[in-house]
Amino acid sequence: MKKIGIGLLALAALLGSASFALFYTHAGQDFLFSQGAAQMASVDIETFDGLEAMVCGSSSPLPSATRAQACIMVRAGEQMFVVDAGSGSASVLALNRVPLQHLKGVLLTHFHSDHIADLWGVNLNSWVAGRPQPLLVIGPPGVDRVVSGANIMYSQDHAYRVAHHGSDLLPPELGILRPQPIPLGLFFDYDGLAITAFPVDHSPIEPAYGYRFEYKGRSIVITGDTIVTDELAAAADGVDVLFTDALSQDLVEGIAGAADAMGMANRAQVLLDVLDYHASTESLGELDDRIELGQMILYHLVPPPLNGVTEQIFRRGLPSDAVISYDGMRVRLPADSEAIEIR
Ligand SMILES: [Zn+2]
Ligand SMILES: [Zn+2]
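The residue numbering used here restarts from 1 in each chain and proceeds along that chain's sequence as written. Going through the entries in the order they are written, you letter the chains from A and number the ligands from 1. Confidence filtering applies because this is a predicted model: local features only for residues at pLDDT of at least 70, side-chain atom pairs given and counted only at 80 or more, and all residues used for totals across whole chains, interfaces and linings. Side-chain figures throughout are based on the complete set of non-hydrogen atoms in the structure, without hydrogens or water.

J.: Looking at this model, I keep getting lost on the packing of aromatic side chains. Mind explaining?
T.: How two aromatic rings sit relative to each other is given by the distance of their centres and the angle of their planes. Each Phe, Tyr or Trp ring, with Trp reduced to its six-membered ring, pairs with another whose centre is within 6.5 Å; inter-plane angles below 30 degrees give stacked pairs, above 60 give edge-to-face pairs, and intermediate values give tilted ones. Applying the stated criterion to the full structure yields 7 aromatic pairs. Residues Trp-120 and Tyr-154 carry aromatic rings whose centres are separated by 5.0 Å and whose planes lie at 10° to one another, so their mutual orientation is stacked. Pair noted here: Trp-120 is in helix α5 (residues 119-129) and Tyr-154 is in the loop between α6 (143-153) and α7 (155-165), with a separation of 34 residues, a long-range link. A relative accessible area of 6% places Trp-120 in the buried class. Summary of the burial criterion: residues with accessible area below 20% of their type's maximum are buried, those above 50% are exposed, and those between are partly exposed, where the area comes from a 1.4 Å probe applied to protein chains only. Assessed through its relative accessible area of 26%, Tyr-154 is described here as partly exposed. The numbering of helices and of strands both runs from the N terminus, where a helix is a DSSP run of H or I of at least 4 residues and a strand a run of E of at least 2.

Written as C-alpha cells, this is what we have:
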C-alpha cells in the first residue's frame, strides 16, 4: 500500500514537471501551439451528399455577446450560399472553418443593417480563401445600391489588400462585389440545386424576400424578417427544415416596460414598434398547426434569450419540438432520405 502511494506521488511529480515543461518552456509552448495552429488554419472540407445548413448568426439588432446577427449558410454538394450577413457573421463562418472558397453568393432577404453589416467581411474572407469568381450579392431590387455603396465604402481597403498581397494572390476583379437583382420565383437551378424567392411581409420594408432551397429530395426555407402570412405558409408547407424569424412578445414588452420606467421613452417605443413586423412565437405555433413541417428552427431571435429563464419565456406559444438555434449549429439533410441531423 505504502509502495503504491509512493509510486502515485512519483507519477504525479513526473506529470507535474512534464506539464510545467509544456507551459513554461519555449519548446513546450511551441509544441502545444502547433497542435492548435493546425486546427485554426484548417477548413472543414468534408463532403456530404445532401443539403446542409449552418447558423452563422442567430441574433437580431438586440445585442448578444454570444450571437452574431442574421446569417444562415446553405451548402449543396460543391455549391455554397449565405443568406444574409449580419454583424459578426463573417467571424462565425471563420470560427466554424467554413471553406469560403466555395461561396457562390450572398442572398439578401432585405436591406436592414442587421442583415448586411458583414457583407464586406464575407467578401474579404472568401476572396482570401481563393474564391474563383466575384462574389454575387443576390436580392430584391435595390440590391445594386447596397452593393455599389459597399464597393465604394471599401474601395481603399480593396486597394490596400491588393497592394500588400499582390494581384497574383488577390486578383483585384475577384474582390469587387457583383450585384444581381432577382424577381420573385425560381431564380437558380443548377447541378440539382433549385432556389426560389418568395414574398414575405416585413412592412413597411419592401421588397422583402424569403428563400426556399431544394436539393436531391430535401428542402430548407429561410424566412428573413416577416410576420406569418399565407405566402409563408405556402412556401414552408412540406419543407424539411424551416429557419424562421422569431419574436417573444412577452420579452419585448417586458424590456420596453423596464426602459419606459427608467425614463428611456425612445428606446421603449422603438422596441414596441418592432412587435408588428416579426413572427411572434404564438403565430409560429399556429403556423406549425397549419402546415406539414419536418423541423422548425428559430433564428433572428428578438430578443436573443440570455439565460434559462428568458429561454423558457421565449418558448411560450412555440411548438414543443421547435429548436432555438445558436451560432455554429449545423443541420444535415442526407440526400433522398427523411433524416434531419442537428449538431
Ligand atoms: Zn428587418
Ligand atoms: Zn432583422
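J.: For this particular structure, what's the right way to read the packing of helix α9 (residues 249-261) against helix α10 (residues 265-273)?
T.: Two packed helices can be described by the angle between their axes and the distance between those axes. Remark: α9 packs on α10, axes separated minimally by 7 Å, with the N-to-C direction vectors making an angle of 165°. Taken together, the axes of α9 and α10 lie roughly antiparallel to each other. In the crossing of α9 with α10, the sense of the turn from one axis to the other is left-handed. On α10, the residues that touch Val-252, Glu-253, Ile-255, Ala-256, Ala-259 and Asp-260 of α9 are Ala-265, Arg-267, Ala-268, Leu-271 and Leu-272. For the contact of α9 with α10, the residue count by class is 8 nonpolar, no polar and 3 charged. Helix axes use the C-alpha atoms of the stretch in contact, all axes being lines fitted to C-alpha atoms, and the angles between their N-to-C directions lie in the range 0 to 180 degrees. When describing relative orientation, an angle under 35 degrees is termed roughly parallel and one over 145 degrees roughly antiparallel, while 65 to 115 degrees is termed roughly perpendicular and anything else oblique. Crossing handedness follows the turn of the near helix against the far one: under a right angle anticlockwise gives a left-handed crossing, and clockwise gives a right-handed one. Should any heavy atoms of two residues lie within 4.5 Å, those residues are counted as being in contact. The classification used treats Ala, Val, Leu, Ile, Met, Phe, Trp, Tyr, Cys and Pro as nonpolar, Asp, Glu, Lys and Arg as charged, and all other residues, Gly among them, as polar.

J.: What should I look at first to understand the coordination of the zinc ion (ligand 1) in this one?
T.: Ideal geometry at a metal gives 109.5 degrees between four tetrahedral donors and either 90 or 180 degrees between six octahedral ones. Distances from the zinc ion (ligand 1) to its protein donors, namely His-110 (NE2), His-112 (ND1), His-202 (NE2) and Asp-225 (OD), fall within the range 2.1 to 2.3 Å. Only N, O and S atoms count as donors, using a 2.8 Å cut-off from the metal and 3.2 Å for Na, K and Ca, and because water is excluded some sites may appear unfinished. Between 85 and 135 degrees for all angles marks four donors as tetrahedral; over 155 degrees for opposite donors together with 65 to 115 for all other angles marks four donors as square planar and six as octahedral; every other arrangement is irregular. With 4 donor atoms in place around the zinc ion (ligand 1) and angles of 95 to 158° between them, the coordination shape is irregular. Considered as a linear motif, the donors of the zinc ion (ligand 1) on their single chain read H-x1-H-x89-H-x22-D. Here the zinc ion (ligand 1) and the zinc ion (ligand 2) are spaced 3.4 Å apart, linked through Asp-225, which binds each one. Remark: Asp-225 occurs in the loop between β10 (218-222) and α8 (230-236) and His-202 occurs in the loop between β8 (193-199) and β9 (209-215); sequence separation between them is 23 residues.

J.: What is the right way to read the coordination of the zinc ion (ligand 2) from this model?
T.: All of the protein donors around the zinc ion (ligand 2) are Asp-114 (OD), His-115 (NE2), Asp-225 (OD) and His-300 (NE2); their distances to the metal are 2.1 to 2.2 Å. The coordination sphere of the zinc ion (ligand 2) comprises 4 donor atoms, whose angles at the metal cover 88 to 173°; the geometry is irregular. Spacing between the donor residues of the zinc ion (ligand 2) along their common chain follows D-H-x109-D-x74-H.

J.: How should I be thinking about the domain arrangement of the protein chain in this particular structure?
T.: The figure often quoted for interface size is the accessible area lost as the parts come together. What counts as a domain boundary in this text is fixed by an automatic or database domain assignment. Domain assignment breaks the protein chain into domain 1 (1-42) and domain 2 (48-342). The gap between the C-alpha centroids of domain 1 and domain 2 is 43 Å.

J.: What should I look at first to understand the side chain of Ser-126 in this one?
T.: In this fold, Ser-126 is placed in helix α5. Identification of polar contacts relies on pairs of N or O atoms within 3.5 Å, with a donor-acceptor requirement for protein atoms, meaning one able to donate a hydrogen and the other able to accept it, and with residues adjacent in sequence counted only if both atoms are side-chain atoms. Engagement of the side chain of Ser-126 in a polar contact is seen with the backbone oxygen of Asn-123, the distance being 3.1 Å. Contact partners of Ser-126, with chain neighbours within four places excluded, come to Leu-100, Gln-101, Leu-103, Arg-131 and Leu-135.

J.: Would you explain the sheet that holds strand β7 (residues 185-190) in this entry?
T.: The strands making up a sheet associate through hydrogen bonds between their backbones, and the pairing can be parallel or antiparallel. Two strands pair if DSSP finds at least two bridges between them. Sheet architecture is open: 7 strands sit in the order β7-β8-β9-β10-β11-β12-β13, paired in mixed fashion. Only two strands of the sheet have a single partner each, and these edge strands are β7 and β13 (323-324). Pairing analysis gives 3 bridges linking β10 to strand β11 (residues 239-247), with the strands arranged parallel. Looking across to β11, one finds that Val-221 is bridged to Leu-242.

J.: What am I meant to see in the nonpolar core here?
T.: Most often, soluble globular proteins keep nonpolar side chains buried together rather than apart. In this structure, Cys-56, Met-73, Leu-93, Val-122 and Leu-177 are the most contacted members of the largest nonpolar core, which totals 31 residues. Among the elements of the structure, β1 (50-57), β2 (71-76), β3 (79-83), α3 (89-95), β4 (103-107), α5 and α6 are those that each provide at least two residues to this core. Examining the composition of this core, we find that 5 residues originate from one element, α5, more than from any other. Residues in contact with Leu-93, not counting those within four places in the same chain, are Met-54, Cys-56, Met-73, Val-82, Val-98, Leu-100 and Val-122. Counting 30 residues, the second-largest nonpolar core is a separate cluster that includes Ile-72, Val-74, Ile-222 and Tyr-299. As used here, the term nonpolar core means buried Ala, Val, Leu, Ile, Met, Phe, Trp, Tyr and Cys residues forming a set that is joined through side-chain atoms within 4.5 Å.

J.: So what exactly am I meant to see when it comes to the pattern of salt bridges here?
T.: Proximity of charged atoms lets side chains of opposite charge pair with each other. One side-chain nitrogen of Lys or Arg within 4 Å of one carboxyl oxygen of Asp or Glu is enough to make a salt bridge. Tallied over the entire structure, the rule returns 9 salt bridges. Arg-218 is paired through a salt bridge with Asp-240; the nearest N and O atoms lie 3.0 Å apart. With Arg-218 in strand β10 and Asp-240 in strand β11, the pair connects residues that are 22 residues apart, well separated along the chain. Here Arg-316 and Asp-250 are joined by a salt bridge, their closest N and O atoms 3.0 Å apart. On the criterion of sequence distance, the pair formed by Arg-316 in the loop between α12 (308-314) and β13 and Asp-250 in helix α9 is long-range, its members being 66 residues apart.

J.: Mind showing me how you'd approach the sheet that holds strand β6 (residues 178-181) here?
T.: Taking strand neighbours across the sheet as the criterion, the 8 strands line up as β6-β5-β4-β3-β2-β1-β14-β15 in an open arrangement whose pairing is mixed. Either end of the sheet is taken by a strand with one partner, and the two such strands are β6 and β15 (341-342). Bridge count for β1 against β2 is 6 bridges, and the pairing is antiparallel. Among the inter-strand pairings, Ala-53 is bridged to a residue of β2, identified as Val-74. Sheet contacts for α6: β5 (136-139) and β6; angle to β6, the most-contacted strand, approximately 170°.

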